[in-house]
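# Per-entry structural report
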There are 10 protein chains.
Amino acid sequence: MLFLVRMKVNIPDTLAADIKSDLFSKEKEYSQRAQKDGKIAALWRVSGQFANYCLFDVDSNDELHELISNLPLFPYLDIEVTALNKHPNSIR
Amino acid sequence: MLFLVRMKVNIPDTLAADIKSDLFSKEKEYSQRAQKDGKIAALWRVSGQFANYCLFDVDSNDELHELISNLPLFPYLDIEVTALNKHPNSIR
Amino acid sequence: MLFLVRMKVNIPDTLAADIKSDLFSKEKEYSQRAQKDGKIAALWRVSGQFANYCLFDVDSNDELHELISNLPLFPYLDIEVTALNKHPNSIR
Amino acid sequence: MLFLVRMKVNIPDTLAADIKSDLFSKEKEYSQRAQKDGKIAALWRVSGQFANYCLFDVDSNDELHELISNLPLFPYLDIEVTALNKHPNSIR
Amino acid sequence: MLFLVRMKVNIPDTLAADIKSDLFSKEKEYSQRAQKDGKIAALWRVSGQFANYCLFDVDSNDELHELISNLPLFPYLDIEVTALNKHPNSIR
Amino acid sequence: MLFLVRMKVNIPDTLAADIKSDLFSKEKEYSQRAQKDGKIAALWRVSGQFANYCLFDVDSNDELHELISNLPLFPYLDIEVTALNKHPNSIR
Amino acid sequence: MLFLVRMKVNIPDTLAADIKSDLFSKEKEYSQRAQKDGKIAALWRVSGQFANYCLFDVDSNDELHELISNLPLFPYLDIEVTALNKHPNSIR
Amino acid sequence: MLFLVRMKVNIPDTLAADIKSDLFSKEKEYSQRAQKDGKIAALWRVSGQFANYCLFDVDSNDELHELISNLPLFPYLDIEVTALNKHPNSIR
Amino acid sequence: MLFLVRMKVNIPDTLAADIKSDLFSKEKEYSQRAQKDGKIAALWRVSGQFANYCLFDVDSNDELHELISNLPLFPYLDIEVTALNKHPNSIR
Amino acid sequence: MLFLVRMKVNIPDTLAADIKSDLFSKEKEYSQRAQKDGKIAALWRVSGQFANYCLFDVDSNDELHELISNLPLFPYLDIEVTALNKHPNSIR
């Protein structure tokens, strides 16, 4: 079951540099594990912005929420979730 | 080069049923050819809406515009274009 | 799996009265069957508006889209979909 | 009398961890008492967000405001209130 | 129980003049009866617009919806409903 | 001359508790004097929000601005002003 | 008493050319009379748009509404009203 | 050449009182000099808000930007610029 | 003096095909003459939309409005105007 | 390949003056190098705002993102990206 999730990253100006870099490396590790598990099916950077589109492939809304709310950057993310379906014209 | 394109379909109430069904079959044919050519890399229906997300894989803005503006449904589409990049955390 | 769906009904001024009343009785029948099937878990009118909140209980995004896009009033609805989860503070 | 209330939680970055966890446990206790009293008829987490939908079942606007404004998290909530009615198509 | 209701009137350009004037006189009669019944506690025109603020004093959401949805102009109104309470600083 | 004024209160998280409570008691005193003087004709709390609707009855825009800008809470208010007229259907 | 009024003109595509030109000449006559009477203190076209800013100098909200709602183009105008005051830094 | 400029003043809560009052007196002096020079043709306070409309009469966009960006309050202003023309119905 | 103008083209569904094609060829002729005269310094299509960005180089707001309001497609355009300046970092 | 990028600069009030001036001189140097390299084809200040329009001429979305995300002011910029095409009416 696919969900397209837009994530805008808002790091507060006051966050210490070492906490920031620690968060980013944890985020990378977390994100890559979810990709290897097939839970994140695709991940793109929005050109010119500190924002991402992330395609989740999950079994339920619960699994989706679990995955997103445990992102290390979650407290700093503005998030929009769009449920997707196979399109009738899709050849896949 | 990837672009994520959101398309909301707005068919006017006054469009004759046969013109509408003709448009839809042309749209299907056009869309599936673009998928086979690899120009449309993915295509999803937005759950609960007459709207789509379409992932274009093109060589240039010109090719993107050519492909979108020739969609049979183009006169009836509200369109938002987002340029994408490979994400630094992506494992692909 | 729960989805909260807001539906704003926009009947065009030009729709004939008999087509309108036929649509409304089909909508009622469709909606009540979905309620009996447990697919629509709850349904409320928004006070003062020709708009509804509808709580869908479905197995997948596909089932959600199938149910919404087959609503007799679908061509006249503005729709917003919100995926829901059990809340950690819920006692149910 | 039903009201659908959307609550977006905005915890400031500067709030100390112990004050935060104290707030959250008070919120849980308050919320569960209101659920047991039948004042909160349903409570859902919005998938992928630190936000909730809460269905209040109250006798008046005064009771609604009393219940919401005494939420321990109230100072950190963005709130939207929608008055609801029984829908004519509802079978309940 | 008070609700502040903003009503923007959108009469379609195609509505015949006699139907329009009939609607307006029915609206006046309906509105004045509701004022005499104490259900509409106050009614103002928004300066420079074909729009109104209407203060409803009702026993329930159901009565509010009943009163609004039976307005003769209801099909031509954009409506926003705000539930109100006595303000703690009010001297009334 | 009537003006409907919506006031959303935004108290910064950093404001000391005693300054806050002092502001609130000054606001109450100011508001009640304006009500006794007939300058504030009505005052309501928006259900579920730290926001108010206030109906000013003034002789001029200057008097309106004088009254609003001297509110003790003025620096913390988001304000929307709507000029009102007697409605042609009003029976008052 | 000054009010700044923004007017966006939306002439429906279906309005007959002669009705349109008649409306425009009536609007001109009405507007120039109000200028001569000092009720419209200033009038500007918004560059690049079929829209105006109009500065009304009136004795009351009632006079403002009377003047605006009798504009021959009133049924085709989107209108925003802003009450103004003398600015403390103004040298006039 | 006329430009209508809306300025919303947002003074941060943390700005020291003496810096604030110094800014305001510099702003007054700057504004009044520009009025005497005929560069600011009119200046109004928005009723009920810490916001202004300012009518600039300048020879070019460069002069407009020079005047606005040197306002002592410029770092604390949200600004909207609208280019204006003589209206064809204006009698001036 | 530069102005960046965004133009969204909204051709009504009911416009006859020959009138439409006549409008488009007049628009092309008009636009190219303005380019040759140096009044339109640049012109781009927005990728994926029936919309343009147009860079006007004019002597005044009056000339800008004259040029835009005489565009053959003007009645069908949604227009946003942004006044521009030389940027201090520009090397041109 | 052209992209029009709008950049709104939001310098936090708390940034030290020397860090700010250092950032601005680095931004100038970076921007002018990109202009010399032909990557930034044009650069304008928005009149009356601390905001810019920047026309990028790049080979790919990747190059666009690389250029924008390395701007010294990037952490303080709100950015909107619009992909552009040659317009069919352009004479260039």
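Quick look at the structure, then. Note that the structure is a prediction, hence the values are computed from the model and not measured.

### So, the interface of chain G and chain E
The partner chain E presents seven residues to the 12 residues of chain G that form the contact. Interface area, chain G with chain E, both sides summed: about 630 Å², of which 53% is carbon and sulfur. When the buried surface of chain G facing chain E is broken down by residue, His-65, Phe-74 and Ile-79 of chain G rank first, second and third, together holding 56% of it. Between chain G and chain E we count zero salt bridges in total. The interface formed by chain G and chain E includes three residue pairs in polar contact (both at pLDDT 80 or more). Those elements that place two or more of their residues in the side of chain G that touches chain E are α2 (61-69) and β4 (77-86) of chain G. The leading source of residues in the side of chain G that touches chain E is α2 of chain G, at four residues. Residues belonging to the side of chain G that touches chain E are distributed by class as follows: eight nonpolar, three polar and one charged.

### Let's talk about the interface of chain B and chain A
Listed per partner, the contact involves 29 residues of chain B and 29 residues of chain A. Taking both sides of the interface into account, the surface hidden between chain B and chain A amounts to around 2,700 Å²; carbon and sulfur atoms contribute 58%. Considering only the surface of chain B that becomes buried against chain A, Trp-44, Arg-45 and Asn-89 of chain B emerge as the three largest contributors, covering 24% of it. Applying the counting rule to chain B against chain A returns zero salt bridges.

### As for the environment of Leu-43 of chain G
Mapped onto the elements, Leu-43 of chain G comes out in strand β2 (residues 40-46). Distance in space between the C-alpha atoms of Leu-43 of chain G and Ile-79 of chain G is 14 Å, their sequence separation being 36 residues. Setting aside chain neighbours within four positions, we find Leu-43 of chain G in contact with Ser-31, Gln-35, Asn-52, Tyr-53 and Cys-54 of chain G together with His-87, Asn-89 and Ser-90 of chain H.

### A short note on the pattern of salt bridges
All names here are of chain D. The tally for this structure, following the rule as stated, stands at 30 salt bridges over all chains. Between Asp-59 and Lys-39 there is a salt bridge, with its nearest N and O atoms 3.9 Å apart. Placement of the pair is Asp-59 in the loop between β3 (51-57) and α2 (61-69) and Lys-39 in the loop between α1 (17-36) and β2 (40-46), with a sequence separation of 20 residues. A residue is classified by how much of its surface remains accessible, and Asp-59, at 61% relative accessible area, is exposed.

### Here we look at the layout of surface pockets
Roughly 2,100 Å³ of internal volume is contained in the second largest pocket. Every residue lining the second largest pocket is counted, 50 residues in all, and those nearest its centre are Asn-10, Pro-12 and Asp-13 of chain A, Asp-13 of chain D together with Pro-12 of chain J.

### Brief notes about the sheet that holds strand β4 (residues 77-86) of chain I
Around the barrel, which closes on itself, the eight strands sit in the order β1(I)-β3(I)-β2(I)-β4(J)-β1(J)-β3(J)-β2(J)-β4(I) with antiparallel pairing between neighbours. The average undirected angle you get between the axes of adjacent strands in this sheet is 35°. Packed on one face of the sheet, helix α2 (residues 61-69) of chain H meets β1 (2-9) and β4 of chain I together with β2 (40-46) of chain J and runs near 75° to β4 of chain I. Taken strand by strand, helix α2 (residues 61-69) of chain I contacts β1, β3 (51-57) and β4 of chain I, and its axis lies near 20° from that of β1 of chain I.

### So, the pairing of strand β4 (residues 77-86) of chain E
Looking at chain direction, strand β1 (residues 2-9) of chain E and β4 of chain E are connected through seven bridges and run antiparallel. Across the sheet, Met-7 of chain E pairs through a bridge with Ile-79 of chain E, a residue of β4 of chain E. Both β4 of chain E and strand β2 (residues 40-46) of chain F contribute to a ladder of three bridges, which runs antiparallel. When the bridges of β2 of chain F are listed, Asn-85 of chain E appears paired with Arg-45 of chain F.

### Digging into the packing of aromatic side chains
All names here are of chain D. Under the definition given, this model contains 10 aromatic pairs over all chains. With a centroid separation of 6.0 Å and 70° between ring planes, the pair formed by Phe-24 and Phe-50 is classed as edge-to-face. In this pair, Phe-24 sits in helix α1 while Phe-50 sits in the loop between β2 and β3, placing the two residues 26 residues apart along the sequence. Residue classification places Phe-24 among the partly exposed residues on the basis of a relative accessible area of 31%. Owing to a relative accessible area of 26%, Phe-50 belongs among the partly exposed residues under this scheme.

### Let's talk about the side chain of Asn-85 of chain F
By the element assignment, Asn-85 of chain F lies in strand β4 (residues 77-86). A relative accessible area of 4% means that Asn-85 of chain F is categorised as buried. A distance of 2.5 Å separates the side chain of Asn-85 of chain F from the side chain of Ser-47 of chain E, its partner in a polar contact. Here Asp-62 of chain G takes part through its side chain, which lies 2.7 Å from a polar atom of the side chain of Asn-85 of chain F. Not counting residues within four places of it along the chain, the set of residues in contact with Asn-85 of chain F comprises Trp-44, Arg-45, Val-46 and Ser-47 of chain E together with Asn-61, Asp-62 and His-65 of chain G.

### Observations concerning the relation of the copies chain B and chain A
Taken together, a rotation about one axis and a shift along it account for how the two chain copies relate. For the pair chain B and chain A, the best superposition has an RMSD of 0.0 Å and corresponds to a rotation of 180° with a translation of 0.0 Å parallel to the axis. Considering both components of the superposition, the chain copies are consistent with a two-fold axis. Of the interface residues in chain B, 100% have counterparts in chain A that sit at the interface too, so the contact is made through matching surfaces.

### Some remarks on helix α2 (residues 61-69) of chain B
Asn-61, Leu-64, His-65, Leu-67 and Ile-68 of chain B are the residues of α2 of chain B that are buried. Along the long axis of α2 of chain B, the arc covered by the buried residues comes to 165°, so they all point the same way.

Calculation rules
The written sequence of each chain sets the order in which its residues are numbered from 1. For naming, the first written chain is A and the first written ligand is 1, with later ones following in the order written. In keeping with the predicted nature of the model, local features appear solely for residues at pLDDT of at least 70, side-chain atom pairs appear and are counted solely at 80 or more, and the whole-chain, interface and lining totals rest on all residues. As a rule here, side-chain values come from all non-hydrogen atoms in the structure, and water together with hydrogens is ignored. Throughout, a contact is declared for two residues whenever any of their heavy atoms are within 4.5 Å. Buried area is calculated as the accessible area (1.4 Å probe) missing from two parts once they are joined, with the contributions of both summed. Take a side-chain nitrogen of Lys or Arg and a carboxyl oxygen of Asp or Glu: if they are within 4 Å of each other, that pair is a salt bridge. Two N or O atoms count as a polar contact when they lie within 3.5 Å, although within protein this holds only if one can serve as hydrogen donor and the other as acceptor, and sequence-adjacent residues are included solely when both atoms are side-chain atoms. Secondary structure follows DSSP: runs of H or I at least 4 residues long count as helices, runs of E at least 2 residues long count as strands, and numbering of each begins at the N terminus. In this count, Pro and Cys sit with the nonpolar residues alongside Ala, Val, Leu, Ile, Met, Phe, Trp and Tyr, while Asp, Glu, Lys and Arg are called charged and the others, Gly among them, polar. With a 1.4 Å probe rolled over the protein chains alone, any residue whose accessible area is under 20% of its type maximum counts as buried; one over 50% counts as exposed, and the rest are partly exposed. Using a grid of 1 Å spacing that covers the protein atoms alone, one calls a set of points a cavity when a 1.4 Å probe fits there but cannot get out, and a pocket when the set is open and has protein on both sides within 12 Å along at least five of seven lines; lining residues are those with an atom within 4 Å of a point. Grid points are joined across faces, edges and corners, and a volume is the space filled by probe spheres set on the points. Think of it this way: DSSP has to see at least two bridges between two strands before they count as a pair. Axes here mean lines fitted to C-alpha atoms, for a helix over just the part in contact, with angles spanning 0 to 180 degrees between N-to-C directions. Only the six-membered ring of Trp is used, alongside the rings of Phe and Tyr, when aromatic pairs are assigned; centres must lie within 6.5 Å, and planes under 30 degrees apart are stacked while those over 60 apart are edge-to-face, with the rest tilted. Superposition of the copies used a least-squares fit over C-alpha atoms from residues whose pLDDT is at least 70 in both. Think of the arc as the fan of directions from the helix axis to the C-beta atoms.

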